[in-house]
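Coordinates in review
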Amino acid sequence: MKSRGQRGDWATMQEEACLRLMHCKYPGRKLQFSRTMSDDSQDPFRNVHQKPGLQIWTINNMQMVPVPAKGFGNFFEGDCYIVLYISQNKGSGRSADIHYWIGKASSQDEQGAAAIFVTQLDEHLGGSPVQHREVQDCESPRFRSYFKNGLIYKKGGVASGFQHVDPNTYNVLRLLHVKGRKHVKASEVEVSWNSFNNGDIFLLDMGKAIVQWNGPKSNRREKLKAVLLAQDIRDRERGGRAQIGVVEGGNENDSPELMKVMMAVLGQRNGPLREAIADDQTDSVQSNMVRLYHVFESSGNLVVQEVATQPLTQDLLHSSDCYILDQRGSSVMVWKGKQASNEERREALNRAVGYIKAKNYPSSTSVEVMTEGGESAMFKHSFKSWKEKGQTWGLGTTYSVGKIAKVEQVKFDVMQLHARPELAAKQRMVDDATGDVKVWRIEDLELAEVNPSTYGQFYGGDCYLVLYSYQRSHQQQYILYMWQGRHATKDEITACAYQAVNVDSKYNGAPVQVRVVMGKEPRHFLAIFKGKLIIFEGGTGRPGVVNPDKDARLFQVRGTEELTTKATEVPAMASSLNTNDVFLLKTGHTCYLWYGKGCSGDERQMGRAMSDVLSKQDKQVVMEGQEPAKFWVALGGKAPYASDKRLQREEPAYSPRLFECSNQSGRFRMTEVEDFSQSDLDEEDVMLLDTWEEIFLWVGISANQYETKEALNSAEDYLRTHPADRDPDTPVIFIKQGYEPLTFTGWFNAWDPHKWSGGNSYEEMKNKLSDAASISQITVDLNNANLNKSPAEMSGGGYRAPGGPMSYPPVYGFQGSDLSPRSSTPSSPSFFKGGGTSSPSAGGSGMYLKPELLINKSPSELPQGVDPSQREEFLSDVDFQNLLGTSRSDFHRLPKWRQTDLKKKAGLF
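The structure contained in this document is the topic of the report that follows. Since we're looking at a predicted model, the values are computed, not measured.

1. Quick word on the overall build of the chain
Secondary structure summary: the chain contains 23 helices and 44 strands in total. Across the 909 residues of the chain, 54% fall into the buried class. By sequence separation, contacts in the chain at least 24 residues apart represent 67% of the contacts at least 6 residues apart.

As structure tokens, then:
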């Protein structure tokens, strides 16, 4: 907690910031605004907890007001919100993201207050959270990931004069326009057939009944997402008590009861519906035009100075400064050095907004603000190299950043792979490499089996297919590697891909396909040849073909054990040597085993084993600095070579990123899926998982055929356009749904291998809804005059959604299949079967009832329209106090368990 003095400093600083922001445009509000914000008797963050999960506040009268959990995902267009998400990282660490969401109808006052609260909340949490600026309809993937079932935009807000109170959520009538396949957004629209079109999905929400109408041109994925949204509204806002029905817009005659309900509310439809509306293209196009700017103040003026363009390196960032990284206007990221001044760090968000205006970028441009050490994955991916302190590389090997000497290497325990799939993913090992191997070479564009005695020998003039078979959970698994020699012809490379399809078909599509470019062999590929992998620069391994004889051949050996070792042919010249490695020099009479001063004992041992595979000649060990003259003669004479003991080859510390891929209008597009899980793998999509060292292409079972064929091109486009100047020969692994290896599933938390075998399809979910909810039992008040009355004319209370204003409903009940109008209204005594008195404080219902009608009654004995779980809301304030021993407002501040306990003791549960 902050001390009293700290709260005073916070208030003073906040008041000054607010006054600077507001004095020009709103001089009349200056004093009131500053007093509200500077009341140091109230710490606005006193209720902020640091447990993993989501917390949301709305800005009401320049104060942060908590939004109850049942209101999460509902956003009023006239409001601004602050969203805090704390995630538990693997290990013991936690990370936080703070978003401030700007409704399109929100006031400048609220926007300014939200920005200030975000900055102060960031300081309250130690300055480590990443800050995000979100604009309605243009939310970031990370923000949308918090609301898996979608966002709902509601009309109105504080600026509209409405109050935000906890709702009686059954009294509602609204029409939601649902759009989106991956990230769903639903907007409230006019309750009329005029709002409908043929391509989208609409939810007619009547409180205790929700009817989903699917446009004839909507697809299965959109329908499924809308069903999930309807279920979320039912479960979260209605306590699971609403019924859901689905109408297929192209076959409305198949749902006559539901159409009667819709016609009763919407009236008769006149004329055809509008055509489908194209979805907004908000998905990001990867930008390979990245610029880094240094941002600072000089003589009271903001200076933005370009530092570098891509590819960027981490050493450009200095801890004493702040920087802006601009991805050509698609997003703007601000980096705050740990040693930057408090003023610079505090002004980072405002400077980003000012930069956007100066560049004439859209106001909806994504903004992220992060502190040194808390960089987002997208930020790190914009740099060609990125290192974390004390990070671990390779198969259990730790390298210390900034030191020259090698660190002792630790053997990798392959037995941990199946017990810890996340380890398998990080080490790129699906198993312990003890499975079966079969190798083919492309000869005359056909497959030719390779003699097992030569397994592991690959020639740069050839292409090979390597099929690896292994058992997992008593099921046979396959990996098909397509190895492409650097000097193979285009026809051979094409034939290799074609033959891979044939082998894949032979095994019923089960193999995981991996494209391997010569010199970029993944770890598991090395492991299956158990220390005998030799890459020849050119030539061919075809029988009967004599390769040109060379006077000397030089091979560089890297690896510390069988699982990690390979020998690669390099030019036979002294400049190819490296003091950190082992080299084999093969001449007509002798095989020299050269040990650099920087190599370890394990590397020397693997070099000796490799020399036995490469040559049957006598071996002569040569220590660096003690080479005989014949050694230098074979290499064409002495010459300088890499002789500095350097760091081990380091792999960058990047978090994995998942993208939904598509090609639209011939242009590669992708949508990032933040905080991803297995459920984000859409059966109709091609997904790209980037783990930096490898690219996985996951193809859903119902994926579009064209996108499946174009998947490899998409991966190549992704690498080519990556802002960090990625290696285009990065291994690409092609995976089909249901055949995922551990190296893929390990990147997902709690992978369920049976998810798709037992999961519900859209059709199954639809049938369950229809079976569970016979909408013909619902009656609707057809007094359509109610639909045209203003709120002031409505005598029954309205729907106040969590965190938002009121909307006005018809009356409904459960009285068989009668769909005729009824005279009962919420203000009629007969509506509650026992009479009642109008009360503005009765939970928003407009009525309160006598206690004897509510106490110790079963749900069937309650008056019609009373929610059994909210009986207390129908008590007068006096009866509420007498029965529960507390005021209504104090009751709502109690924890849920305590509320339930009091209700049980009072007979209201």
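2. Re empty space enclosed by the protein
Counting across every chain of the model gives 7 cavities of 30 Å³ or more. For the second largest cavity, the lining is made up of 13 residues, of which Ile479, Tyr481, Val514, Ile733 and Thr743 are closest to its centre. Residue assignment for the lining of the second largest cavity shows that the elements contributing at least two residues are strand S26 (475-484) and strand S27 (512-517). Residue classes in the lining of the second largest cavity are distributed as 9 nonpolar, 2 polar and 2 charged.

3. With respect to the sheet that holds strand S9 (residues 185-189)
Judged by pairing direction, the sheet is mixed, and its 7 strands sit side by side in the order S3-S7-S9-S8-S10-S11-S12 without closing on themselves. The sheet is open, and its two borders are formed by strand S3 (74-76) and strand S12 (243-248), each paired with just one other strand. Pairs of neighbouring strands in the sheet enclose a mean axial angle of 25°, with direction left out of account. In the sheet, S3 pairs with strand S7 (residues 151-154) via 3 bridges, with the strands oriented parallel.

4. Description of the pattern of salt bridges
If you walk through the whole model with that rule in mind, you get 32 salt bridges. The shortest N-O distance in the salt bridge between Lys148 and Asp680 comes to 3.4 Å. You can see Lys148 sitting in the loop between helix H4 (141-145) and S7 and its partner Asp680 sitting in the loop between strand S35 (667-673) and strand S36 (686-690), a full 532 residues away along the chain. Between Glu716 and Arg515 there is a salt bridge, with its nearest N and O atoms 3.3 Å apart. With Glu716 in helix H16 (residues 711-721) and Arg515 in strand S27, this pair connects stretches of sequence that are 201 residues apart. Its relative accessible area of 32% is what places Glu716 among the partly exposed residues. On the basis of relative accessibility, which here comes to 8%, the residue Arg515 falls in the buried class. A single salt-bridge network, built from bridges that share partners, covers Lys154, Arg174, Glu188 and Asp205.

5. Let's talk about the side chain of Ser195
Residue placement: Ser195 occurs in the loop between S9 and strand S10 (201-205). Accessibility expressed as a relative area gives 10% for Ser195, which makes it buried. In contact with Ser195, other than residues within four places in its own chain, are Leu175, Val189, Glu190, Phe202 and Arg274.

6. Section: the packing of aromatic side chains
Under the counting rule described, the total for this entry stands at 37 aromatic pairs. A network of ring pairs unites the aromatic residues Phe75, Tyr81, Tyr85, Trp101, Phe143, Tyr146, Phe147 and Tyr153 as a single cluster. It is Arg269 that lies over the ring of Trp193; its NZ or CZ is 4.6 Å from the centre. Lying across the ring of Trp692, Arg726 places its NZ or CZ 3.8 Å from the centre.

7. Notes on the pairing of strand S33 (residues 619-623)
Bridge analysis of strand S32 (residues 591-595) against S33 gives 5 bridges, and the strand direction is parallel. Considered in S33, the bridge of Trp594 is made with Val622. Between the parallel pair S32 and S33, the chain is carried across by helix H13 (residues 601-614), and the sense of this crossover is right-handed.

8. A few points about the environment of Asp690
As for its position among the elements, Asp690 is in strand S36. Residue Asp690 is classed as buried on the basis of its relative accessible area of 0%. With near-sequence residues (within four places) excluded, Asp690 lies in contact with His381, Ser655, Pro656, Arg657, Ile695, Tyr718, His722 and Arg726. A distance of 2.9 Å separates a polar atom in the side chain of Asp690 from a polar atom in the side chain of Arg726.

9. Focus: the side chain of His294
Note that His294 resides in strand S13 (residues 291-298). Residues in contact with His294, not counting those within four places in the same chain, are Val303, Val304, Gln305, Val307, Asp321, Cys322 and Tyr323.

10. So, the nonpolar core
As a rule of thumb, nonpolar side chains are buried together in soluble globular proteins. Grouped together as the largest cluster of nonpolar side chains are 52 residues, with contacts concentrated most on Phe458, Phe744 and Phe748. Discounting residues that sit within four places of it in the chain, Phe744 has contacts with Leu681, Leu689, Phe696, Trp698, Ile735 and Trp751. By size, the runner-up hydrophobic cluster in this structure holds 34 residues, among which are Ala113, Ala114, Ala115 and Val295.

11. Structural notes on unusual backbone geometry
Excluding glycine, most residues fall at negative phi; most peptide bonds, likewise, are trans. At Asn508, a residue that is not glycine, the phi angle is positive and equals roughly 55°. One can find Asn508 in the loop between helix H11 (490-506) and S27. For Trp692, which is not a glycine, the phi torsion comes out positive at approximately 75°.

Rules of the game
- Residues numbered from 1 in each chain as written.
- Predicted model: local features only at pLDDT ≥ 70, side-chain atom pairs only at ≥ 80, totals over all residues.
- Heavy atoms only, no water.
- Helix = DSSP H or I, 4+ residues; strand = E, 2+ residues; numbered from the N terminus.
- Buried < 20%, exposed > 50% of the residue type's maximum accessible area, 1.4 Å probe, protein only.
- Contact = heavy atoms within 4.5 Å.
- 1 Å grid on protein atoms, 1.4 Å probe; cavity = no way out; pocket = protein on both sides within 12 Å on 5 of 7 lines; lining within 4 Å.
- Points joined across faces, edges and corners; volume = space filled by probe spheres on them.
- Nonpolar A, V, L, I, M, F, W, Y, C, P; charged D, E, K, R; others polar.
- Pairing = 2+ DSSP bridges.
- Axes fitted to C-alpha atoms, helices over the stretch in contact; angles between N-to-C directions.
- Salt bridge = Lys/Arg side-chain N within 4 Å of Asp/Glu carboxyl O.
- Phe/Tyr/Trp six-rings, centres within 6.5 Å; stacked < 30°, edge-to-face > 60°.
- Lys NZ or Arg CZ within 6 Å of the ring centre and 35° of its normal.
- Right-handed = clockwise from strand over helix to strand, strands pointing away.
- Polar contact = N/O pair within 3.5 Å; in protein donor to acceptor, adjacent residues only side chain to side chain.
- Core = buried A, V, L, I, M, F, W, Y, C linked by side-chain atoms within 4.5 Å.

All we've got here are geometric facts, nothing functional implied.
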